[in-house]
Amino acid sequence: MVTFLAGGTGTPKLLAGADDVFDPAATTVVANTGDDVELGGHLVCPDLDTVLFLDGGELDRETWWGIADDTAATHDELHRLADAAALEPGPRYLPANRQTTGRDIARWRRFSGVAEFMHIGDRDRAVHVTRTSLLDEGHTLTEVTRTLADAFGLDRTLLPMSDDPVATIVHTPQGQMHFQEWWVGRNGDPDVEDVEFRGSELATTTEAVRDALDAPVVLGPSNPVTSLGPMLAVEGIRDALENTPVVAVSPFVEDEVFSGPAADLMDGVGREPSTAGMAEGYPFADAFVLDTEDGTELDRPVVRTDTTLDDEADADRVARAVADALDEVA
């Protein structure tokens with residue numbers, strides 16, 4: 001049994017070619033939910049859905065977001081209506097007094113659906129409607145995720161990091177904004193002054209997550225701040241990692257990040273944006289997988305390989321390096 005902590009696209013890209021190394025039936029993925037947003041009344045869980053669609057054979061692998069070949073009639077009509085009614089587009093964060101009303105799981109991250117700022121396909125939207133409806137019927141996010149995983153035929157166990165709300169809030173010179181507003185709505189602008197995991201002090205792990213963290217754990221090459229940071233902020237997760245073998249794959253080659261905003265975010269929270277900075281932030285990690293071109297010297301075991309993840313052959317190669325690293329510390 002092996003458990004992966006997943007956020008963004010880095011860990012899903014690793015999982016995309018890892019089946020021959022890590023049997024999906026013996027693999028659990030715990031996904032970040034700090035990126036989740038309520039958009040137009042529907043709860044969108046990007047990191048859960050990327051794994052859901054990947055393992056269900058539906059993921060758009062060009063964008064690593066949404067369902068392949070999905071239509072967008074509803075999305076397009078929302079924009080047409082907003083334009084016709086002279087409604088301002090862009091991220092429309094609901095007022096503060098609306099952030100803590102309604103369903104608890106969506107608090108601190110509620111957006112209007114007017115001219116929605118995130119592109120959501122029609123089949124993709126059906127998942128969000130179903131998820132939100134089941135939550136409103138009284139099911140937990142863990143239970144709803146299991147139901148959706150069964151519907152998509154997953155062999156792998158997929159879990160949210162918590163059934164409690166945790167919202168990743170980016171602090172900037174222009175004020176506080178949810179990570180999705182900062183990254184999707186504003187393309188990573190303005191500068192980052194700090195990152196807050198709002199609600200993490202009240203959130204707890206589920207029994208399912210606690211059980212999953214009894215197994216050896218792999219931290220894929222995801223963003224250390226906003227993909228893995230929310231999970232590490234939830235009570236019980238960091239402590240569990242201290243007591244099980246952990247291997248982390250660096251999203252950097254020395255100080256060059258493969259993709260995404262990890263460097264800007266790490267710099268914004270006062271951490272060195274590099275492999276060394278990543279390792280410093282993971283004191284519980286027992287070993288690391290680094291790129292062959294990465295000469296960073298670390299104080300724990302290192303396995304090196306080409307960590308490029310462009311296709312399934314790449315993912316298989318990196319997964320085998322992860323397995324070698326686990327063998328060293330398990």
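Residues numbered from 1 in each chain as written. Predicted model: local features only at pLDDT ≥ 70, side-chain atom pairs only at ≥ 80, totals over all residues. Heavy atoms only, no water.

Draft legend 1. Up close: the overall build of the chain. Of regular secondary structure, the chain possesses 12 helices and 15 strands. Here the chain has a C-alpha radius of gyration of 19 Å; the compact-globule value for 330 residues is 20 Å, and the two agree. Viewed in the frame of its principal axes, the chain has a C-alpha envelope of about 60 × 45 × 35 Å. The proportion of buried residues among the 330 residues of the chain is 55%. Of all intrachain contacts in the chain linking residues separated by at least 6 positions in sequence, the fraction that spans at least 24 positions is 68%. In the structure as shown, the chain presents an accessible area of about 13600 Å², 45% of it carried by carbon and sulfur atoms. (Helix = DSSP H or I, 4+ residues; strand = E, 2+ residues; numbered from the N terminus. Rg over C-alpha atoms; globule rule 2.2 N^0.38 Å. Buried < 20%, exposed > 50% of the residue type's maximum accessible area, 1.4 Å probe, protein only. Contact = heavy atoms within 4.5 Å. Areas by Shrake-Rupley, 256 points an atom, 1.4 Å probe, with all protein chains shown as cover.)

Draft legend 2. Broad picture of the sheet that holds strand S6 (residues 157–160). The 7 strands are arranged S6-S2-S1-S10-S11-S14-S15 in an open sheet whose pairing can be described as parallel. Because the sheet does not close on itself, it has two edges, and the strands there are S6 and strand S15 (302–305). Strand-to-strand twist across the sheet, computed as the mean angle between neighbouring axes with direction ignored, equals 20°. The sheet contact formed by strand S1 (residues 2–6) and strand S10 (residues 217–219) spans 3 bridges and is parallel. (Pairing = 2+ DSSP bridges. Axes fitted to C-alpha atoms, helices over the stretch in contact; angles between N-to-C directions.)

Draft legend 3. Just the pairing of strand S11 (residues 246–249), in detail. On S11, burial covers both faces: Val246 and Ala248 on one face and Val247 and Val249 on the other are all buried. Relative to S11, S10 is paired through 3 bridges, and the arrangement is parallel. Note that in S11 the partner of Val218 across the bridge is Val247. Sheet topology note: the S11/strand S14 (residues 287–291) ladder contains 3 bridges and is parallel. Looking at S14, one finds that Ala248 is bridged to Phe288.

Draft legend 4. Structural view of unusual backbone geometry. That bond from Asp189 to Pro190 is cis: its omega, 10°, falls within 30 degrees of zero. Looking at the secondary structure, you find Pro190 in the loop between helix H6 (179–185) and strand S9 (194–198). Its identity as a non-glycine residue notwithstanding, Ala86 has a phi of 60°, on the positive side. Residue Ala86 is classed as exposed on the basis of its relative accessible area of 70%.

Draft legend 5. View of the packing of aromatic side chains. If you walk through the whole model with that rule in mind, you get 7 aromatic pairs. Measuring from centroid to centroid gives 5.7 Å for Tyr282 and Phe284, while their planes differ by 35°, and the two rings are tilted. No difference in accessibility class separates Tyr282 from Phe284, as the two residues are buried. Three or more aromatic residues link up through ring pairs in this structure, and these residues are Tyr93, Phe111 and Phe117. Directly above the aromatic system of Trp108 lies the positively charged group of Arg107, at a separation of 5.4 Å from the ring centroid. (Phe/Tyr/Trp six-rings, centres within 6.5 Å; stacked < 30°, edge-to-face > 60°. Lys NZ or Arg CZ within 6 Å of the ring centre and 35° of its normal.)

Draft legend 6. Fine view of the environment of Pro95. Within the secondary structure, Pro95 is located in the loop between helix H3 (73–84) and strand S5 (110–111). By relative accessible area, which is 47% here, Pro95 ends up partly exposed. C-alpha of Pro95 to C-alpha of Pro251: the two residues are 156 residues apart in sequence and 36 Å apart in space.

Draft legend 7. Inspection of the sheet that holds strand S3 (residues 37–39) at higher detail. On the basis of which strands lie adjacent, the open sheet formed by 3 strands has the order S4-S3-S5 and mixed pairing. In this open sheet, the two strands that pair with only one neighbour each are strand S4 (42–44) and S5. Taken together, the 3 bridges between S3 and S4 define a ladder with antiparallel strand orientation. Within S4, the residue paired with Glu38 across the bridge is Leu43.

Draft legend 8. How the structure looks around the packing of helix H4 (residues 122–136) against helix H5 (residues 141–151). The interhelical angle for the contact between H4 and H5, taken along N-to-C directions, is 140°, at an axis separation of 9 Å. Comparing the axis directions of H4 and H5 gives the class oblique. Helix-helix and strand crossings are classified by hand; for H4 and H5 the assignment is right-handed. Here Val127, Thr130, Arg131, Leu134 and Leu135 of H4 come into contact with H5, specifically with Leu141, Val144, Thr147 and Leu148. (Parallel < 35°, antiparallel > 145°, perpendicular 65-115°, else oblique. Left-handed = near helix turned anticlockwise from the far one by under 90°.)

Draft legend 9. Expanded view of the environment of Pro230. Mapped onto the secondary structure, Pro230 falls in helix H8 (residues 229–233). With near-sequence residues (within four places) excluded, Pro230 lies in contact with Asn32, Gly34, Met161, Thr168, Phe197 and Val225.

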